[in-house]
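# Notes for the structure review
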Number of protein chains: 2
Amino acid sequence: MKRTEHRACFGGFQDVYQHGSTTLGCTMNFGIFLPQEAQSKKLPVLYWLSGLTCTEQNFITKAGAQRYASEHGVIIVAPDTSPRGEGIPNESAYDIGVGAGFYVNATQDPWAKNYRMYDYIVHELPALIEATFPATDRRGIFGHSMGGHGALVLGLRNPERFQSISAFSPIVAPSKVPWGEKAFTAYLGNDRKAWAEYDAVELISKIKKPQHLLVDQGLGDEFFASQLRPELLKEACEKNGHPLRLNLREGYDHSYYFIATFIGDHLAHHGKILNGV
Amino acid sequence: MKRTEHRACFGGFQDVYQHGSTTLGCTMNFGIFLPQEAQSKKLPVLYWLSGLTCTEQNFITKAGAQRYASEHGVIIVAPDTSPRGEGIPNESAYDIGVGAGFYVNATQDPWAKNYRMYDYIVHELPALIEATFPATDRRGIFGHSMGGHGALVLGLRNPERFQSISAFSPIVAPSKVPWGEKAFTAYLGNDRKAWAEYDAVELISKIKKPQHLLVDQGLGDEFFASQLRPELLKEACEKNGHPLRLNLREGYDHSYYFIATFIGDHLAHHGKILNGV
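Residues numbered from 1 in each chain as written. Chains lettered and ligands numbered in written order. Predicted model: local features only at pLDDT ≥ 70, side-chain atom pairs only at ≥ 80, totals over all residues. Heavy atoms only, no water.

Further remarks concern the pattern of salt bridges. Counted according to the given criterion, the structure contains 30 salt bridges over all chains. Between Asp119 of chain A and Arg116 of chain A there is a salt bridge, with the nearest N and O atoms lying 3.1 Å from each other. Glu71 of chain B is the partner of Arg67 of chain B in a salt bridge, and the nearest nitrogen-oxygen pair spans 3.2 Å. Residue Arg67 of chain B and its partner Glu71 of chain B are located together in helix H2 (residues 66-72), separated by 4 residues, close to a single helical turn. The class for Glu71 of chain B is partly exposed, based on a relative accessible area of 49%. Residues joined by salt bridges that share partners form a network here, namely Glu5 and Arg7 of chain A together with Asp253 of chain B. (Salt bridge = Lys/Arg side-chain N within 4 Å of Asp/Glu carboxyl O. Helix = DSSP H or I, 4+ residues; strand = E, 2+ residues; numbered from the N terminus. Buried < 20%, exposed > 50% of the residue type's maximum accessible area, 1.4 Å probe, protein only.)

So, in structure tokens, the structure goes:
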């Protein structure tokens, strides 16, 4: 593992590391923010999953989360969105291939060998982080858009591994919207039963141990009605007695200006659960 | 004038506008953050000058200033760093030509016709802003690196137009460092008397009405000793009884992670002077 960036930030350090991933079969980058407090004690880790087209850079440069991570005493890890580099299958469309892993374990060729972001985020990356950095085994997960979908799915399926979950503008029902239908057909094939394991709205009805979900969604979001459809998550949570705090934010769009505005609320949500204060 | 971006952010709007500049002879972009408070009253305007290679985008996406601008009730305008586009002279080096105006009025060919960032920032842009937006005629100026130089020079030379001044990692003595010597030779010619009008350390000794200066400088800045030399500003201010608060920040570098960490202090500095609270 190699550190490629190391920058003082809000009393701690915003770093970027590069490592060889056995799960994905390629070299991966991730950002990690280590608050000052991490110099003297172990802290819980919050995993941020980014959206389509993003790398590890978008969140760490634009969200302004470091201030709040320092306040709430959590490390933030921001991985890349897909396998990447020489020999990794790709397509020219932005919504499939590199930059668009959808946080699944692909079963279809040519994706099945490398596109295993589910296992990478749930298992390989936390193991690496906890072996290397001053991290406890308390974990949270959050993300944006495709990464909001990832946070909901990975968190709901692994409550013993992720104790807190939140999302910005998530694709809550990928099986029912164009982005998800295209990606799941490519990565998982035509059998929609396989899709249900990666669909937050489908998963809500099967969850035995409800976790409190926090979701922020802009009402001026250009993908609101076509791709995101937060009303489906609301219905599923109400029907199944699953606690959801859904904040619909008038005028806000799909950009990092929206994320930056409300990221402090999300850090407070995770900090409270992960640190118990 | 045309609005090209309009995004809800911290209760207000982060917009980008495009307009034809008569001073520069080209189309220019600027970012403007209008806090929610600007919907019901006029607010003072703080001008941010960016550094080498930047456009209007760097500050508005990375500094996280909108939160503090909302708290302190100021509009922030972030212009581009130089004239730009078809017919504008350029060189392939990053430190001269497009992205490197150095906030002077050039007198040498081929730069003299378009490279008039001094007049653009001091006169044309504030006139446009105050005629178009809910802005008072109270103004502050701040910036980073080349833009920190610009903020010091434009502010010190025009105390009646800019009531508050601050800078991150400024080039305080461009006449004495490689970036400044190269740019001033190109834009202003070989006569160093002309350079002194654009050199903050030189100006300090001539200023009749001292203004309180706030400067933040990272001690881990890769350009500290070669290009920035804050000790020269400190000496000049001490010698001339000019009030300076110089914060040397251990471990911080030249990046936006440094700016984001301390931007709140700078907004407080300007807010206090411009709004009197």
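Listed by partner, the interface residues are 20 residues for chain A and 20 residues for chain B. Together, the buried faces of chain A and chain B total about 1800 Å²; carbon and sulfur atoms form 53% of this surface. One can count 2 salt bridges joining chain A with chain B. Notably, a salt bridge pairs Arg7 of chain A with Asp253 of chain B, separated by 2.9 Å at the nearest N-O pair. Linking chain A to chain B there are 10 residue pairs in polar contact (both at pLDDT 80 or more). Going through the elements one at a time, strand S1 (2-9), helix H1 (57-62), helix H2 (66-72) and helix H10 (256-275) of chain A are the ones with two or more residues in the side of chain A that touches chain B. At 4 residues, H10 of chain A tops the list of elements feeding residues into the side of chain A that touches chain B. Residues of the side of chain A that touches chain B, tallied by class, amount to 9 nonpolar, 7 polar and 4 charged. (Contact = heavy atoms within 4.5 Å. Buried area = accessible area lost by both parts, 1.4 Å probe. Polar contact = N/O pair within 3.5 Å; in protein donor to acceptor, adjacent residues only side chain to side chain. Nonpolar A, V, L, I, M, F, W, Y, C, P; charged D, E, K, R; others polar.)

Of the transformation superimposing chain A on chain B, the axial component is 0.0 Å and the angular component is 180 degrees, with the fit at an RMSD of 0.0 Å. What the rotation and shift describe, once combined, is the action of a two-fold rotation axis. No C-alpha of chain A lies nearer the rotation axis than that of Lys62 of chain A, which sits 2.5 Å from it. By residue overlap, the copies meet face to face through one surface: 100% of the interface positions of chain A are interface positions in chain B. (Least-squares fit on C-alpha atoms with pLDDT ≥ 70 in both.)

All names here are of chain B. Within strand S4 (residues 43-49), 7 of the 7 residues are buried, which leaves the element mostly enclosed by the surrounding structure. Examined bridge by bridge, S4 and strand S6 (residues 135-144) share 6 bridges and lie parallel to one another. By the bridge assignment for S6, Val45 is matched with Arg139. Inspection of the sheet shows S4 paired to strand S5 (residues 75-79) by 3 bridges, in the parallel sense. Across the sheet, the residue bridging to Tyr47 is Val77, located in S5. (Pairing = 2+ DSSP bridges.)

On to the pairing of strand S8 (residues 213-218) of chain A, then. Across the 6 residues that make up S8 of chain A, a large majority, 6, are buried. Every second residue of S8 of chain A is oriented toward a common face, with Leu213, Val215 and Gln217 of chain A on one face and Leu214, Asp216 and Gly218 of chain A on the other, all of them buried.

All right, on to empty space enclosed by the protein then. Residue and element names in this part refer to chain B. Scanning the entire structure with this criterion turns up 2 cavities of 30 Å³ or more. Quantified by volume, the largest cavity comes out at close to 60 Å³. Where the lining of the largest cavity is concerned, the elements lending two or more residues are strand S3 (26-34), helix H1 (57-62) and S5. A per-element tally of the lining of the largest cavity places S5 first, with 3 residues. Approximately 40 Å³ is the volume attributed to the second largest cavity. (1 Å grid on protein atoms, 1.4 Å probe; cavity = no way out; pocket = protein on both sides within 12 Å on 5 of 7 lines; lining within 4 Å. Points joined across faces, edges and corners; volume = space filled by probe spheres on them.)

All names here are of chain A. In spatial order, the strands read S1-S2-S3-S5-S4-S6-S7-S8-S9; together these 9 strands make up an open sheet with mixed pairing. Strands with a single pairing partner mark the edges of an open sheet, and in this sheet they are S1 and strand S9 (244-249). Sheet twist, expressed as the mean angle between neighbouring strand axes with direction ignored, is 20 degrees. The strands touched by helix H9 (residues 230-239) within the sheet are S8 and S9, with S9 carrying the most contacts at an inclination of about 155 degrees. Against the sheet, H10 touches strand S4 (43-49), strand S5 (75-79), strand S6 (135-144), strand S7 (164-168), S8 and S9, its axis set at about 170 degrees to S7. (Axes fitted to C-alpha atoms, helices over the stretch in contact; angles between N-to-C directions.)

Our focus in this paragraph is the side chain of Asp221 of chain B. With respect to the helices and strands, the residue Asp221 of chain B is situated in the loop between strand S8 (213-218) and helix H8 (224-228). Arg7 of chain A is the oppositely charged side chain nearest to the buried, salt-bridge-free Asp221 of chain B, at an N-O distance of 9.3 Å. Polar contacts involving the side chain of Asp221 of chain B include one to the side chain of Gln217 of chain B, which spans 3.2 Å. Excluding residues within four positions of it along the chain, Asp221 of chain B makes contact with Ser169, Leu228, Tyr252, Asp253 and His254 of chain B. (Lys, Arg positive; Asp, Glu negative; His and termini not counted.)

Once that is clear, we can look at the sheet that holds S4 of chain B. Residue and element names in this part refer to chain B. Across the sheet, which stays open at both edges, the 9 strands sit in the order S1-S2-S3-S5-S4-S6-S7-S8-S9 with mixed pairing between neighbours. Of all the strands in the sheet, the pair left with one neighbour each is strand S1 (2-9) and strand S9 (244-249). Taken pair by pair, the neighbouring strands of this sheet meet at an average axis angle of 20 degrees, ignoring direction. With respect to the sheet, helix H10 (residues 256-275) is in contact with S4, S5, S6, strand S7 (164-168), S8 and S9, its orientation differing from that of S7 by roughly 170 degrees.

By themselves, these observations are geometric and do not establish any function.
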